[in-house]
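# What the coordinates show
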Amino acid sequence: TLSISTERIRFLQSIIIDCDKQIYSCLNQYFIQLSHQDTLTMLGNRRGFEQHLQDAIELTRTTKKPFGVLFIDVDFFKFYNDLYGHDQGDKALIRVAQSLLRHVDDGDAAIRYGGEEFVVLLKDTTDSQAEKIAKNILEDIRAQKIEHRSSKIRPYLTVSIGMTVYSGDVEM
């Protein structure tokens, strides 16, 4: 017969409980990460944006290094979806997201804010640096020549970008 002491059982139970806590903690972190991620583009989402923005404001206050914000909107996207369908619209949004990722650094954040709206947070960035990144994104998307026959601007997909830089001078 197999005999295991009560002490040995308690020891094994404590190991199992510790493993269970670690698994729970990992799953919890994973679910938090998922809740801040857009499932289509794999960028951050609106919920995650709020945390990124708070972090950027706090970092600027403590380091006095400015951060830039790019607000990006896909032009005439409703017409795109109406003409090409939602599957093609999703593919176009993914391509826009990939373009954004090509132009951000590791400490920056690219976010799908909603629908066809995106936000990019650029840490430690001046006006001229943010403007250059915005121009590079515009050129990247233009160079792809994603057909958009129902656009009122060009025969291919375009985006509009608004930009600001926060230097910490004004209390937010």
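This is a predicted model, so every value here is computed, not measured. (Residues numbered from 1 in each chain as written. Predicted model: local features only at pLDDT ≥ 70, side-chain atom pairs only at ≥ 80, totals over all residues. Heavy atoms only, no water.)

## With respect to the overall build of the protein chain
Helix and strand content of the protein chain: five helices and five strands. The secondary structure elements of the protein chain, listed N-terminal to C-terminal, are α-β-α-β-α-α-β-β-α-β. The C-alpha atoms of the protein chain give 23 Å as radius of gyration, which overshoots the globular expectation for 172 residues (16 Å, by more than 25%). Evaluated residue by residue, the protein chain yields a buried proportion of 31% over its 172 residues. Here the analysis covers contacts within the protein chain between residues at least 6 apart in sequence; of these, 69% occur between residues at least 24 apart. Surface exposure of the protein chain reaches about 11,200 Å², of which carbon and sulfur atoms provide 53%. (Helix = DSSP H or I, 4+ residues; strand = E, 2+ residues; numbered from the N terminus. Rg over C-alpha atoms; globule rule 2.2 N^0.38 Å. Buried < 20%, exposed > 50% of the residue type's maximum accessible area, 1.4 Å probe, protein only. Contact = heavy atoms within 4.5 Å. Areas by Shrake-Rupley, 256 points an atom, 1.4 Å probe, with all protein chains shown as cover.)

## Some points on helix α5 (residues 127-144)
With 18 residues, α5 ought to run about 26 Å at 1.5 Å a step, and its terminal C-alpha atoms sit 26 Å apart, in line with that. Inspection of α5 places Ala130, Ile133, Ala134, Ile137, Asp140 and Ile141 among the buried residues, and these make up the whole buried set. Taken down its axis, α5 places every buried residue within 125° of arc, on the same side. Residues of α5 that are exposed and point more than 90 degrees away from the buried face comprise Ser128, Lys132, Lys135 and Ala143. Close packing links the buried residues of α5 with β2 (67-74), α4 (86-102), β4 (117-122) and β5 (159-166). Looking one or two places after α5, you find lysine 145, whose phi comes out positive at around 45°. (Expected span 1.5 Å × (residues − 1). Arc of directions from axis to C-beta.)

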